[in-house]
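Descriptive analysis of the structure
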Amino acid sequence: MLKGKHIIVGVTGSIAAYKSAMLVRSLVKQGAEVKVIMTDTAKKFITPLTLATLSKNPVLVEFFDPENGQWNSHVSLGLWADLYLIAPATAASLSKMAYGVADNLLVTTYLSSRCPVFVAPAMDLDMFAHPSTQKSLEILRQRGVTIVEPAAGELASGLDGKGRMEEPEKIVEQVVKFFGRKATLAGKRVLITSGPTREPIDPVRYLTNDSSGKMATAIARQMAFRGAQVTVVSGPAAVKPEQKDIEVIDVITAEQMYQSTIEQYNKGADIVVLCAAVADYTPAKKSSVKMKKREDNLTIELLPTKDIAAEIGKIKRQGDILVGFALETDNETSNAQSKLERKNLDMIVLNSLRDPGAGFAGDTNKINIFFRNGDSESFPLKSKSAVAEDIVDNIEKLMSNAQ
Ligand code: C5P
């Protein structure tokens, strides 16, 4: 299953390091060529000899071989690998990766690698749940690193909870699935709008909304995972994709988002997904100085912004797929269906604020999809990454129907 694949297994200093022996053995059995990098502390948990024997390659720990001065090039290791799998990954190594603390060969190789990266965290439940660790994982996830979630159960500390490294056979399963994926969107160009916009009132105040950019980021990742060339036009969102294979164009206002999205569409895009929560109105005048507090009421005149979806709907090229989003609080279905028609969309994704767990800032969403031919499909509450898979599956279906 993994024949010819070059995999670097990074082993850090956790008691779960003993499981990396099984992991390496299993990867080699599947046909992969494996090189192991260990941190200094990892050597206290499992010997390099064990991992060198199982991987059939010398284990690398130092930047230089202390015996003969030979350089272990993190650059060529990073380029050699088709996958970098760090298992177990300790809290310390995860935070070093997140913040670029390149003080050992393992982290330095991560910074030099161009291949996909998987990490399988292993630690005590409180360490795993600590905001520092969660922040590091969030940063890595945002950069496109795949987190192999730890399992819940008995931990080496004697405590019970989430933090135990996933079993080697489950990790190998994920690796096999990853290499077995089909690049169903290879050669396709995808344009996605994301996040809120910010409409200035004066130099320090603005109108905006709570859009986090999480849904658009999950869709962008899923598209890139399937081989598409992805560009995201993002407003000032909390979350943006930060991975090498996704281009991000930053904008602030609805007008800038409009200009940038139309420009990108005119350069060519086969699929356009308009996920951004674009402001519908912008202040008619922006004060050049900070507005002073007054005793009487203040009225701000608002002008409508340009509708990006409607404009692309007008200039849409034959065969291109245009997908919109609708976040509704009432008359959900009829509002979504009328937007589909009015903006000449091929598909609209509805999330209702009435559904718990759906909408802006959270990590889950519950959607309904409506199509041009009147068909619709509802989905249960899922993580935003699973929702992104459903959305992209349906876009692919539309594309194959159009052929
Ligand atoms: O009409 P409404 O704003 O609810 O429509 C939502 C859909 O239209 C979303 O896909 C959103 O990204 C898009 N939209 C847009 N430009 C606007 C307003 C909304 O592209 N100015």
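Keep in mind that what you see is a predicted model, and the values were worked out from it rather than measured.

Glancing now at helix H6 (residues 105-112). In terms of burial, H6 is largely enclosed, as seven of its eight residues are buried. For H6, the N-terminal cap is Asn104; the gap from its side-chain oxygen to the backbone nitrogen of Leu106 is 3.2 Å.

Right, let's get into the pattern of salt bridges. It is possible for side chains bearing opposite charge to pair when their charged atoms get close. Counted under the stated rule, the structure contains 23 salt bridges. Its salt-bridge partner being Lys240, residue Asp250 comes within 2.6 Å of it at the nearest N-O pair. Here Asp250 is found in strand E12 (residues 246-250), whereas its partner Lys240 is found in the loop between strand E11 (229-234) and E12, with 10 residues between them in sequence. Of the charged contacts, one joins Glu311 and Lys314 as a salt bridge, the two residues approaching to 3.8 Å between their closest N and O atoms. In this pair, Glu311 and Lys314 both sit in helix H12 (residues 308-315), three residues apart, roughly one turn of the helix. Classification of Lys314 by relative accessible area gives exposed; the value is 68%. One salt-bridge network, in which partners are shared between bridges, spans Glu138, Arg141, Glu149 and Lys162.

Turning next to the sheet that holds strand E17 (residues 347-352). Whenever strands of a sheet pair, they do so through backbone hydrogen bonds, lying parallel or antiparallel. Here we have eight strands laid out as an open sheet, ordered E12-E11-E8-E13-E16-E17-E19-E20, and mixed in their pairing. Across the chains shown, the open sheet's two edge strands, defined by having one partner strand only, are E12 and strand E20 (376-378). Neighbour-to-neighbour, the strand axes of the sheet open up by a mean angle of 15°, direction not taken into account. Here three bridges tie strand E19 (residues 368-371) to E20, and the two strands are oriented antiparallel to one another. When the sheet's bridge partners are listed, Ile369 is paired in E20 with Glu377. Where helix H10 (residues 214-225) meets the sheet, it contacts strand E8 (189-194), E11, E12, strand E13 (271-274) and strand E16 (321-328), and its direction lies at approximately 170° from that of E8.

Time to look at the nonpolar core. Most often, soluble globular proteins keep nonpolar side chains buried together rather than apart. The biggest cluster of nonpolar side chains holds 34 residues, and the ones touching the most others in it are Ile7, Leu27 and Leu85. Elements that contribute at least two residues to this core include exactly strand E1 (6-11), helix H1 (19-29), strand E2 (33-38), strand E3 (83-89), strand E4 (117-121) and helix H9 (168-179). Top element by residues in this core is H9. It accounts for six residues. If sequence neighbours within four positions are ignored, Leu27 has contacts with Leu2, Ile7, Val9, Ala32, Val34, Leu85, Val172 and Val175. Ranked by size, the runner-up nonpolar core spans 33 residues in total, among them Val190, Val232, Ile391 and Ile395.

Moving on, we get to the domain arrangement of the chain. Parsing the chain into structural domains produces domain 1 (6-179) and domain 2 (189-402). Placing a centre on the C-alpha atoms of domain 1 and another on those of domain 2 gives a separation of 36 Å. Facing the seven residues of domain 1 at the interface are nine residues of domain 2. The largest per-residue losses of area from domain 1 upon contact with domain 2 belong to Gln142, Arg143 and Phe178, which jointly make up 67% of the total buried on that side.

A few words on the side chain of Thr253. Topologically, Thr253 is positioned in the loop between E12 and helix H11 (254-267). Among the polar contacts made by the side chain of Thr253, one reaches the main-chain amide nitrogen of Gln256 at a distance of 3.1 Å. Ignoring anything within four residues of it in the chain, the contact list for Thr253 reads Thr197, Arg198, Glu199 and Pro200.

What follows deals with the site of the ligand. Neighbouring residues of the ligand: 13 residues in total, closest Leu274, Ala276, Lys306, Phe325 and Lys339. Lys339 places a side-chain nitrogen or oxygen 2.4 Å from an oxygen atom of the ligand. The protein chains hide 87% of the 450 Å² of surface that the ligand would expose on its own. Of all the secondary structure elements, the ones that give two or more residues to the shell around the ligand are H12 and E16. Looking at the shell around the ligand residue by residue, the classes come out as six nonpolar, two polar and five charged.

Further remarks concern unusual backbone geometry. The residue after Ala87, namely Pro88, is reached through a cis peptide bond having omega 0°. By the secondary structure assignment, Pro88 is in strand E3. Unusually for a residue other than glycine, Lys56 sits at a positive phi of about 65°. Residue position: Lys56 is located in the loop between helix H3 (48-55) and helix H4 (74-80). What makes Lys56 exposed here is its relative accessible area of 64%.

Across all of its chains, the model carries three aromatic pairs by this definition. With 5.4 Å between their ring centres and 75° between their planes, Phe118 and Phe178 make a pair best called edge-to-face. One end of the pair, Phe118, is in strand E4; the other, Phe178, is in helix H9, and 60 residues separate them in sequence. Judged by relative accessible area, which is 3%, Phe118 ranks as buried. Note on Phe178: relative accessible area 9%, which makes it buried. The interplanar angle of 45° and the centroid separation of 5.9 Å between the aromatic rings of Phe178 and Phe225 together place this pair among those described as tilted. Residue Phe178 is located in helix H9, and its partner Phe225 is located in helix H10; the two are separated by 47 residues in the primary sequence. Residue Phe225 is classed as partly exposed on the basis of its relative accessible area, which comes to 34%. The structure contains a cluster of three or more aromatic residues connected by ring pairs, namely Phe118, Phe178, Phe179 and Phe225. Of note, Lys35 hangs over the ring of Trp80, and the distance from its end group to the ring centre comes to 4.4 Å.

Conventions adopted
- Residues numbered from 1 in each chain as written.
- Predicted model: local features only at pLDDT ≥ 70, side-chain atom pairs only at ≥ 80, totals over all residues.
- Heavy atoms only, no water.
- Buried < 20%, exposed > 50% of the residue type's maximum accessible area, 1.4 Å probe, protein only.
- Helix = DSSP H or I, 4+ residues; strand = E, 2+ residues; numbered from the N terminus.
- Polar contact = N/O pair within 3.5 Å; in protein donor to acceptor, adjacent residues only side chain to side chain.
- Salt bridge = Lys/Arg side-chain N within 4 Å of Asp/Glu carboxyl O.
- Pairing = 2+ DSSP bridges.
- Axes fitted to C-alpha atoms, helices over the stretch in contact; angles between N-to-C directions.
- Contact = heavy atoms within 4.5 Å.
- Core = buried A, V, L, I, M, F, W, Y, C linked by side-chain atoms within 4.5 Å.
- Domains from an automatic or database assignment.
- Buried area = accessible area lost by both parts, 1.4 Å probe.
- Near = heavy atom within 4 Å.
- Areas by Shrake-Rupley, 256 points an atom, 1.4 Å probe, with all protein chains shown as cover.
- Nonpolar A, V, L, I, M, F, W, Y, C, P; charged D, E, K, R; others polar.
- Phe/Tyr/Trp six-rings, centres within 6.5 Å; stacked < 30°, edge-to-face > 60°.
- Lys NZ or Arg CZ within 6 Å of the ring centre and 35° of its normal.

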